[in-house]
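The residues making up each chain are set out below.
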Amino acid sequence: MRLGFMMGDVVAAAALLFAAATGAARAEPDLGNWSVATGDDGQITASLHASNKLITGGGALGYSPVLTLACRPDGQPRWSERLQLNDAVSASRKITISVIVDGGGRIDESWSVGPRGRTLVKDGDDGIRRLVSANRLTLSWRFGLLSGRGEADFELAGLSEAIGQIAASCKTDPP
């Protein structure tokens, strides 16, 4: 009989631990695969790897481009989007990116080309605003005149929570 009480106590303790663990997990926002960080310059970012891979220039390895949403607490522009690539684009200042949100129509946007052509940047909150209720984002671009196109697909689960966390850390309203 004593063993029965001890087993009941163990089961009850396990149930309490499980309830406490799942309750604590619910308190944290579900960011999906987004990772939120603060940069050396104070910029708050949320980054997500593409669900597909691009083949590098040499053709031996593949990589997933990274989409980063950023907020600058004390600067202008406050919000920006970045697409990080391993292979450089041949454009020097601006590049046209085709944007498809949730399988809708294609919109062409002008993005700036960062140093060494491996970072594409769009300043302002309009691009982020269009994503807040989206589930999927597809970005495509030309690497160069003869180099072909690149395409990155992003599953945006947890995006609204990530944007909320960035905005709170940046002490501003979400786009």
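Just above sits the structure.
Everything numeric here is computed off the predicted structure, so don't read it as measured data.

1. Comments concerning the state of the cysteines
Applying the stated criterion to the full structure yields one disulfide. The disulfide partner of C71 is C170, and the S-S distance across this bridge is 2.0 Å. Residues C71 and C170 share a disulfide whose torsion about the S-S bond is about -80 degrees; that sign makes it left-handed. Here C71, found in strand β5 (residues 66-71), pairs with C170, found in helix α3 (residues 159-170); they are 99 residues apart in sequence, far enough to count as distant. With respect to class, C71 is no different from C170; both count as buried.

2. What to know about unusual backbone geometry
Unusually for a residue other than glycine, R116 sits at a positive phi of about 60 degrees. Structurally, R116 can be placed in the loop between β8 (106-113) and β9 (119-123). With a relative accessible area of 68%, R116 lands in the exposed category. With a phi angle near 55 degrees, K171 is a residue other than glycine that sits in the positive phi range.

3. Brief notes about the environment of A152
You can see A152 is positioned in strand β11 (residues 148-155). In this structure the C-alpha to C-alpha distance between A152 and L139, which are 13 residues apart in sequence, comes to 5.3 Å.

4. Quick notes on the environment of A134
Within the secondary structure, A134 is located in the loop between α2 (126-131) and β10 (136-144). Linking A134 and D102, residues 32 residues apart in sequence, is a C-alpha distance of 6.2 Å. When near neighbours in sequence (up to four residues on either side) are disregarded, A134 contacts V101, D102 and L156.

5. Points about the sheet that holds β10
Picture the strands of a sheet paired through backbone hydrogen bonds; they go either parallel or antiparallel. Read across the open sheet, the nine strands follow the order β1-β2-β5-β6-β9-β8-β7-β10-β11; overall the sheet is antiparallel. Two strands lie at the open edges of the sheet, namely β1 (35-38) and β11, each paired on one side alone. With direction set aside, neighbouring strand axes in the sheet form an average angle of 30 degrees. Sheet topology places strand β7 (residues 94-101) next to β10; four bridges connect them, and they run antiparallel. In the strand pairing of β10, V99 is matched with L139. In the packing of α3 onto the sheet, contacts are made with β1, β2 (44-49), β5 and β6 (79-84), and the angle to β2 comes to roughly 160 degrees.

6. So, the pattern of salt bridges
With the rule as written, the count across this model stands at seven salt bridges. The partner of E81 in a salt bridge is R130, and the shortest N-O contact between them spans 3.4 Å. Pair noted here: E81 is in strand β6 and R130 is in helix α2, with a separation of 49 residues, a long-range link. Salt-bridge contacts for R136 lead to D153; the nearest nitrogen and oxygen are separated by 3.6 Å. Here R136, found in strand β10, pairs with D153, found in strand β11; they are 17 residues apart in sequence, far enough to count as distant.

Conventions used here
- Residues numbered from 1 in each chain as written.
- Predicted model: local features only at pLDDT ≥ 70, side-chain atom pairs only at ≥ 80, totals over all residues.
- Heavy atoms only, no water.
- Disulfide = S-S within 2.5 Å.
- Helix = DSSP H or I, 4+ residues; strand = E, 2+ residues; numbered from the N terminus.
- Buried < 20%, exposed > 50% of the residue type's maximum accessible area, 1.4 Å probe, protein only.
- Contact = heavy atoms within 4.5 Å.
- Pairing = 2+ DSSP bridges.
- Axes fitted to C-alpha atoms, helices over the stretch in contact; angles between N-to-C directions.
- Salt bridge = Lys/Arg side-chain N within 4 Å of Asp/Glu carboxyl O.

Honestly, that's just the spatial picture; any functional story needs more than this.
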